[in-house]
Amino acid sequence: MQKGKLISRWLAAAGVGLTALAVACGGAAQPTATTAPPRAPTLVPTITPTPSPAPSPTPLAVRPKPAGKITVGDTVITFANGFDVHGVPGGGAWVVVRNMGAHVLCFECPEDLTGGPAPGLASSWDISSNGFVWTFKLRPNAKFHNGAPVTASDIAFSLQRALDPRLANARVGEIRANIETVEAPDPLTAVFKTKSPNSAWLGRILDQGTFPVPQKYVEEVGFEAFGKRPVAAGPWKFVEGVPGERVVMEAFEDVYDPDRVPRVKTLEVRVIPEASTRVAALRAGELDLIPSVSGPQIKEISSDPNLRLVSAGFALAPSVVFDLLAGREYPWTKELKVRQAMNTSIDRDAIAKKLYDGRARGVASGYNPCMFGYNPALDTSPPFNPTRAKELLSEAGYPNGFETTLSFSAGARDLYQAVAGYWEAIGIKIKVNPLEGGAYSQQYVRKELKGLTATSESCSDKLDPAHLYTHYGKGGPLGYNDTPESEELFTKLREASDPGVRKQLGGQLQKWMIEFLPRIVIIAPDALFGVGPRVKEFTPQKGNAFLIRMERVTLK
Amino acid sequence: MLCARAPSGVACGAMRAYIIKRLGEAVITLLVVSVGVFMLSHLTGDPAIILAPPDASQGDIEEIRQNLKLDRPIFVQYWHFLRKALTGDFGRSWVQGRPVLTVIGERLPNTVTLAGVALAMSLAVGLTLGVVSALKPEGFVDSFAKVFALGGQSIPTFWTGIILILLFAVTFKLLPTSGIGTPKHLVLPAITLSWFSTAALLRLTRSAMLDVLDSEFIKMVRIKGAPEWHVIGKHALKNASLPIITLISLQFVGLLNGAVVTETVFAWPGIGRLVVQSVFSRDFPVVQAIVLMAGTLFIVTNLLVDIMYAYLDPRIKYG
């Protein structure tokens, strides 16, 4: 009987996977609807609502109980309220929150998120024909760490709670902009009513910072006490912590999906801000895993026979933005040939070799492999051709180059000074302007930085091409682009709900980004993790530089 | 009480008046410091932008500004801050949301411990080497001490810390690389932190001792047949102690306030790292509280040193 359940579970999972694959390739099977015939969800990348009920859990007897301890190092843990899973002003707490929390959809579960999220606390969901109503059916066995059942009221409460200004939640703007209401018609049904049919926001809201928490417990203990002893529904439950220094979590064996029961009993996250100290701790055996390995640490780890590097592929790529805002006095930025010249004058192979130990590559644009509609055939590294670069400058009317400023956050000095050097070599005089992190952020957001500005393209942050509007669209809050070329594309992306149409539009957007060059992506380094000798298996999520999926780590 | 224990020659009333005057000056100084740190913090830009998510709308940023009362005129904000600070309430950390004094209180004992151990190392090594160097100038110990002092004052703390970690934690696995928890965790950061202050103390002790050892009264004591340890310990060191005590006091305050690099390298959860993190994240309440505390500590230490002078050297009179 157990074997039969196991087989049916795997068949159901295979069915989901194959359906997702079929839809992603453009030929979607339309699932049945609870109301009017639903379309395939616009959640990007596409994934159909699961047609079959949640499989019954695999008996825990087939898997050994969690054992052992794994210690990971990270640069920072910052919460707005103790260790509150909603108190996440930015990425500084994801390693804790995304291991402690679980939502209706699991964005942490798949190794490759371009295939779509996996079912989470919800075993199935569907979308109304007009795309404004998302209905999630919760698993009846889903529990919080304190044993309370996860109900739809908790989902609704949690989304509302995340808006509390004391929590400085990074997703407040997205929640307000996109969600009308969250209702709980019955304990196992959560209904999201949205303000637009564009589901691109869903991933960003559900995977970071709005994890369900038990309403009754929160109301009983109060705001601050909850921050000291948070409760969620993910594979790891909070045990103890010192704010800003360390957090200890323990395996939650009653997690909603037996496959998410951690293989290790205890997970400790230690904050070690200094990169060389983190690597030293890894070498000394005090840490088992560290993220964000870069620069000289790459060679240090790869030359140690006891350690290894594991790559998550492209996660974050430094780039340079051209100031294309209206009213700015940089006529040269408006010249495509100038932008092309600057793009082709950078020796990306040399940068990869010298600064990233070869673990980086050139890419054509910020439309990265995590994006829905990404076409790898278009994503080739720009050639290094300084001779052609000079010709392009002459053709554009700048045979003697010009002067400009390159502003960047001081932490990335090596890279941007190298890039400035390449531009100097073709006649462009660059005044480097390294800024303290906070000052850089302020001036960037206010669009006060003139000339050339450094930034970065993120893989895990976006997924859906509509999100690129923030950075590339005319009037985008973080964009320096007032040109109208992309406006029509982004408008269509915001309105399109059919996955085939979205994929096509995504392809057009990728092409536009490559041809129009509103930004130059300098290099796409691999997101590297340092792994110690005790770790047997660790597979990061592709494109995600954070330490998630820790339940799947095994020790020797 | 001060008068009861005062050595002869110290005008008690004058001392009292001096202390009161210094306390008055301290209040004014702290007021100026509070204005300075408040205004300078706000000059670094709009903290609401840093505290908001990168793609926050203007409305979100404005809401944060209102919640943190940053939309009020700066002098109103300062008055609000001062009024609360006088009652010991420095508000809440804008980043962590917890009371500032709680946040600082968690870190302060760690810094005091580290600074205390570092100072003890400085005293033990610096005083000893300084005295021995002065007793045998140009000898082996003196030569070693000069190189030691040069290293301490020129080698960056960052480098020292990393090298110690690589040697003792990674290669020999004798000590932990970082963190806090056991006495072993203190060793490497304390050595790293103390080297600079040891070097300064060593050089000052050597110099002060050389001056005193050359004086007439020391020669007289030796002529009278006093044992050498008596000459050095009771007479020479005591007379050389004034500048040494001043340096030690100021060094301790410096160690308490500025162990940023050491704390970062060793992930030591202290005040130095907290204040730098708070500056970068524009967590003004934490920055203001720490700067005021540091200023208070500095002023009080200076005052105590001045009072101690009067006891150590009866020739010193105040008022």
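Residues numbered from 1 in each chain as written. Chains lettered and ligands numbered in written order. Predicted model: local features only at pLDDT ≥ 70, side-chain atom pairs only at ≥ 80, totals over all residues. Heavy atoms only, no water.

What to know about the overall build of chain A
Secondary structure assignment for chain A yields 17 helices and 21 strands. A buried classification covers 58% of the 556 residues belonging to chain A. Contacts in chain A between residues at least 24 apart in sequence constitute 70% of all its contacts with a sequence separation of at least 6. Carbon and sulfur atoms provide 55% of the accessible area of chain A, an area that totals close to 20,700 Å². (Helix = DSSP H or I, 4+ residues; strand = E, 2+ residues; numbered from the N terminus. Buried < 20%, exposed > 50% of the residue type's maximum accessible area, 1.4 Å probe, protein only. Contact = heavy atoms within 4.5 Å. Areas by Shrake-Rupley, 256 points an atom, 1.4 Å probe, with all protein chains shown as cover.)

Here we look at the interface of chain A and chain B
Contacts between the two partners involve 39 residues from chain A and, on the opposite side, 38 residues from chain B. Taking both sides of the interface into account, the surface hidden between chain A and chain B amounts to around 2,900 Å²; carbon and sulfur atoms contribute 52%. Counting the contacts that link chain A with chain B gives five salt bridges. Taking the shortest distance from any N to any O, the salt bridge between E436 of chain A and R282 of chain B comes out at 2.8 Å. Linking chain A to chain B there are eight residue pairs in polar contact (both at pLDDT 80 or more). Contributing elements (two or more residues each) for the side of chain A that touches chain B: α4 (172–178), β10 (266–271), α8 (275–283) and α14 (437–445) of chain A. (Buried area = accessible area lost by both parts, 1.4 Å probe. Salt bridge = Lys/Arg side-chain N within 4 Å of Asp/Glu carboxyl O. Polar contact = N/O pair within 3.5 Å; in protein donor to acceptor, adjacent residues only side chain to side chain.)

A few points about the packing of helix α5 (residues 100–135) of chain B against helix α13 (residues 284–312) of chain B
Residues and elements named next belong to chain B. Running from N to C, α5 and α13 cross one another at 55°; their axes reach a closest spacing of 10 Å. When the interaxial angle is binned, α5 and α13 end up oblique. Every pair of crossing elements has a handedness; the one defined by α5 and α13 is right-handed. The segment α5 lies against α13, with V100, I104 and L108 engaging P285, V286, A289, I290 and M293. (Axes fitted to C-alpha atoms, helices over the stretch in contact; angles between N-to-C directions. Parallel < 35°, antiparallel > 145°, perpendicular 65-115°, else oblique. Left-handed = near helix turned anticlockwise from the far one by under 90°.)

Brief notes about the confidence of the model for chain B
On average, residues of chain B score 86 in pLDDT, and 94% of them are at 70 or above. What the predictor reports for the complex is a pTM of 0.85 with an ipTM of 0.86. (pLDDT = per-residue confidence, 0-100.)

Quick notes on unusual backbone geometry
A negative phi holds for most residues other than glycine; trans holds for most peptide bonds. You will see that A168 of chain A, though not glycine, has its phi angle at about 45°, which is positive. Looking at the secondary structure, you find A168 of chain A in the loop between α3 (152–161) and α4. Overall, A168 of chain A belongs to the partly exposed group, its relative accessible area being 26%. A positive phi angle, near 60°, is found at K69 of chain B, a position not held by glycine. Note on K69 of chain B: relative accessible area 33%, which makes it partly exposed.

Digging into the side chain of T483 of chain A
Residue and element names in this part refer to chain A. Within the fold, T483 resides in the loop between α15 (469–472) and α16 (487–495). The class of T483 is buried, set by a relative accessible area of 12%. Of the polar contacts made by the side chain of T483, one reaches the side chain of N481; its length is 2.4 Å. Ignoring sequence-local partners within four residues, the contact set of T483 consists of L324, K474 and F516.

Some details on the pairing of strand β9 (residues 246–251) of chain A
Residues and elements named next belong to chain A. Pairing analysis gives six bridges linking strand β8 (residues 236–242) to β9, with the strands arranged antiparallel. When the sheet's bridge partners are listed, V242 is paired in β9 with R246. Between β8 and the antiparallel strand that follows it, β9, lie three residues; G244 among them carries a positive phi value of about 80°. Bridge count for β9 against β10 is five bridges, and the pairing is antiparallel. From the neighbouring strand, E250 faces β10, where its bridge partner is T266. (Pairing = 2+ DSSP bridges.)

Regarding the packing of aromatic side chains
All names here are of chain A. Enumeration according to the criterion identifies 22 aromatic pairs over all chains in this entry. Considering the side-chain rings of Y440 and Y444, the 5.8 Å spacing of their centres and the 40° angle between planes classify their relative orientation as tilted. Note that Y440 and Y444 are positioned in helix α14 at a spacing of four residues, about one turn of the helix. Judged by its relative accessible area of 6%, Y444 is buried. Taking 5.2 Å as the distance between ring centres and 70° as the angle between the ring planes, the aromatic pair formed by F529 and F538 counts as edge-to-face. Taken as a pair, F529 and F538 share a single burial class, namely buried. Pairwise contacts between aromatic rings join W125, W134, F136 and F192 into one cluster. Between R166 and the ring centre of F223, over which it is positioned, the NZ or CZ distance is 3.7 Å. Here the basic side chain of R519 rests over the ring of Y472, its NZ or CZ set 4.6 Å away from the ring centre. (Phe/Tyr/Trp six-rings, centres within 6.5 Å; stacked < 30°, edge-to-face > 60°. Lys NZ or Arg CZ within 6 Å of the ring centre and 35° of its normal.)

What to know about helix α13 (residues 413–425) of chain A
All names here are of chain A. The first and last C-alpha atoms of α13 sit 18 Å apart over 13 residues, in line with the 18 Å expected at 1.5 Å per residue. Regarding α13, the residues found buried are L415, Y416, V419, A420 and W423. Looking straight down α13, one finds that the buried residues subtend no more than 135° of arc, so they occupy a single side. The exposed residues of α13 that point more than 90 degrees off its buried face are D414 and A425. Looking one or two places after α13, you find G427, whose phi comes out positive at around 105°. (Expected span 1.5 Å × (residues − 1). Arc of directions from axis to C-beta.)

Describing the sheet that holds strand β5 (residues 133–138) of chain A
Residues and elements named next belong to chain A. Taken in spatial order, the four strands line up as β4-β5-β7-β6 in an open sheet, and their pairing is antiparallel. Pairing within the sheet leaves two strands with one partner each, and these edge strands are β4 (122–127) and β6 (179–186). Taking the axes of each pair of neighbouring strands and ignoring which way they run, one obtains an average angle of 20° across the sheet. In terms of strand pairing, β6 meets strand β7 (residues 189–194) through five bridges, oriented antiparallel. Opposite D186, over in β7, you have T189 as the bridge partner. The strands touched by α3 within the sheet are β5, β6 and β7, with β6 carrying the most contacts at an inclination of about 160°.

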